[in-house]
Amino acid sequence: MNAKNFPEIVADICANPYEQLKRYKAAGKNIAGYTCSYVPEELLDAFGYIPYRLLGRAQNIRQADRYLQTYCCSQIRSLLEDFINDEYIGIDAVIFAHTCDSMQSFHDIFKRNNPDIFVKNVNFPTSINNDIAFRYALAELKNFAAALEEHTGKTLDRDALVESISVYNLNRGLLDKLYALHRSYPKEIPGVTLHHTVVASMISDKRDINGILESYLGTFDENEPEDDKRKRLMLIGSINISEDIYLLADEFGAMIADDDLCTGRRYFAQQVTEPTIEGVARRYFSRPHCAAKHRGLYSREHYLTGLAGKCGIDGAIFLYLKFCDPHSFDYPDLRKGLEAKGIPSQLIEIEQSLAPSGQIRTKLQAFLEILE
Amino acid sequence: MITLGIDLGSNTIKTVVLEDGRDVLGSCVRKSGYDTKIITDECVREALSQAGAKFDDIKKIVATGYGRVSCDIAHKEISEITCHGKGAYFRMPEARTIIDIGGQDSKVISLSDNGKVIDFVMNDKCAAGTGRFLEVMATALGVALDDFGEISGKADKMIDISNTCTVFAESEVISLLARREPVENIIAGLHKSIASRVLALASRLRIQEPVVLTGGVAKNLGIKRALETVGKINIGIPVSPQTIGALGAALHAYALTLK
């Protein structure tokens, strides 16, 4: 693989997630699908699994609607549709983490109907701001490690965990550097490459991605930063599997400079500073959290306004999946908080299983016309 | 100097021919139909004919509305939010909030004192609160949509339509007819339903009066009455509310000639 072709390589992985799974299965690897960034990938990796983020790719939801109410978000309905369509056939384990009610219920339905797959829910606490919650989270991760030991018949190898954490920390550092370089070289590293790289990292063995990503980033070390005057936008939301918002921003002469997405910065923010299970748990208590977790009334607002200031953001896009309760409840206060710091915002609600509508185009274009 | 604005909406295509960024010389409104290009050409010809001008006289063209991306005669495309803001402020400079109820969506737009769009919200889940909602109900009632305003003016009460969903509300209307509720009260209730939906959308912004109603639905005075009753606000309607987006596009086209 050539580092110069890196954007095309990750775009291809991102566009063909089922093929990536089949490639690993053909190579005899064990795959653990996971649904949430609160699932400790390092532990799965230390047990020899390739963690593979289940994002839900089904474009036409038909069968899932027989089992789930349509007020479940399109991520969960797409995921179920994918499973019904046997897109993840051969997957060895499916790991959930407690976040929203819909995901919790999906776990319950999935576990009951798939007795032959190792299914586990990491019951991560909702509050992540006190020592009792930390001890609870640590106990849950240790229980999870014990369940993996029982299922695989292996004992958790401390050296393997140290190595896994090192690999994941390297990936996080590289993704962080990619985001920083994007702001200096937004034309050479377009926003859509950030999206492709994070999603490709989520569904690949990190060892396959890290080397080529490091080489790609190295090609920018000597270059002069680009003189770019485009308006800088920040995306805020849960997951986004579509590249359309990045391409539309480019088309309208703006750029997605940074984000607070589960398929973005939240995935790689913060390193594990101690190569133990405690260290893995500790990272979750210090990294930026999602709307389904609680660290304080103003924690997300302060974090987002700080990130916006650091990245020179001109406007924020709340990119929400329709019917996503946790994010929708946070929205009014976050919008006010950003507005108080002089950062205008616009809400765009999407169905991840549908092509972008004319309304998304109109909303983004009108918002950028306001920013002009 | 002649400029042209074209608003390619989901339901209708509108054109405005403007002279010197000041005087409307011609305008046209046509149903979109299946071939947008043919209807657009007809609409442009009609507006130019009213203006006594030729196509070659046009210095700049701006397209807006959902079909704006496919308008190959336009020099620039601008969102309908910005165009409605510009057009409404031109007609009524006192306007600070615009409610635009179109064929497939509703928008509420906030303007600054100098007429710049500062914020907006759009409905984005379904047809509730849009012109399409009223079209479906007109069919269910067997009443021409153009008569809704006049008929609802005779109502002695606004019946509560409890369903927001267009499909469920249609069933509810049919049930009301079966109960022999007067049609004028049902239509007034439908107007109230739209008004409630749009005002709920508007409440996400700071509604600052005067409020101006634009879009094809503004021709229905029953909607104006319902918005005023439910929202306890005064609503102004500009001249030719349906062509406000096209007017805004023509004004933007004029601004392009000055660059």
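As the structure is a prediction and not an experimental result, all values here were calculated from the model.

Reading the values: the criteria
Per chain, residues are indexed from 1 in the order of the written sequence. The naming scheme follows written order: chains are lettered A onward, ligands numbered 1 onward. Side-chain atom pairs in this predicted model are given and counted only at pLDDT of 80 or more, local residue features only at pLDDT of at least 70, and totals for whole chains, interfaces and linings cover all residues. Each helix corresponds to a stretch of at least 4 residues labelled H or I by DSSP, and each strand to a stretch of at least 2 residues labelled E; elements are numbered beginning at the N terminus. The atom set for the radius of gyration is the C-alpha atoms, and the globule formula is 2.2 Å times the number of residues raised to the power 0.38. Here, residues touch in the contact sense if the C-beta positions derived from the backbone fall within 7 Å of one another. Start and end points for every domain follow an automatic or database-based domain assignment. Polar here means any residue other than Ala, Val, Leu, Ile, Met, Phe, Trp, Tyr, Cys and Pro, which are nonpolar, and Asp, Glu, Lys and Arg, which are charged; Gly is therefore polar. Following DSSP output, two strands are said to pair if at least two bridges run between them. In this analysis, axes come from line fits to C-alpha atoms, helices being fitted only over the stretch in contact, and the angle between any two N-to-C directions falls in the range 0 to 180 degrees. Counting other C-beta atoms within 10 Å of its own, a residue is labelled buried from 20 upward, exposed at 12 or fewer, and partly exposed in the gap between, with every C-beta atom placed from the backbone.

K.L.:
I'd like a rundown of the overall build of chain A, residues and numbers included.
P.N.:
Within chain A, the regular secondary structure consists of 15 helices and 8 strands. Compactness check: chain A gives a C-alpha radius of gyration of 20 Å against a globular reference of 21 Å for 372 residues, within 12% of the reference. Dimensions of chain A, computed from C-alpha atoms along their principal axes, come out at roughly 60 × 50 × 40 Å. Taking the contacts inside chain A whose residues are at least 6 apart along the sequence as the reference set, 73% of them involve residues at least 24 apart.

K.L.:
Report on the domain arrangement of chain B, specifying residues and quantitative values.
P.N.:
Accessible area lost upon the coming together of the parts is a frequently used measure of interface size. All names here are of chain B. When the domains of chain B are assigned, the result is domain 1 (1–92 + 242–259) and domain 2 (95–237). One C-alpha centre belongs to domain 1, the other to domain 2; they are set 26 Å apart. Of the residues lining the interface, 13 residues belong to domain 1; the matching set on domain 2 comes to 19 residues. Broken down by element, the residue count for the side of domain 1 that touches domain 2 peaks at 6 residues, all from helix α2 (residues 80–91). Partitioned by chemical class, the residues of the side of domain 1 that touches domain 2 number 5 nonpolar, 8 polar and no charged.

K.L.:
I'd like a rundown of the interface of chain A and chain B, residues and numbers included.
P.N.:
On the chain B side, the residues contacting the 10 residues of chain A number 13 residues. Here the side of chain A that touches chain B gets 8 residues from one element, more than from any other, and that element is helix α15 (residues 358–371) of chain A. Of the residues that constitute the side of chain A that touches chain B, the class distribution is 2 nonpolar, 4 polar and 4 charged.

K.L.:
Residue-level account of the sheet that holds strand β6 (residues 254–260) of chain A, with values.
P.N.:
All names here are of chain A. What the 4 strands build is an open sheet, ordered β6-β5-β7-β8; its pairing is parallel. Unpaired on one side and paired on the other, β6 and β8 (345–350) mark the two borders of the sheet. Here the average twist between neighbouring strands, direction ignored, is 30°. Sheet topology places strand β5 (residues 231–237) next to strand β7 (residues 315–321); 5 bridges connect them, and they run parallel. Paired with M234 across the two strands is A316, which belongs to β7. Packed on one face of the sheet, α15 meets β5, β6, β7 and β8 and runs near 170° to β8.

K.L.:
Please give an account of the pairing of strand β6 (residues 97–101) of chain B that cites residues and values.
P.N.:
Residues and elements named next belong to chain B. Burial analysis of β6 places 5 of its 5 residues in the buried class, which makes it a mostly covered element. Of the two faces of β6, both are covered, the one formed by T97, I99 and I101 as well as the one formed by I98 and D100. Where β6 and strand β7 (residues 106–111) come together, 5 bridges link them in antiparallel fashion. Note on β7: the bridge partner recorded for I98 is I109. Joining the antiparallel neighbours β6 and β7 is a turn of 4 residues. Across 4 bridges, the pairing between β6 and strand β9 (residues 211–214) is parallel. By the bridge assignment, I98 is partnered in β9 with V212.

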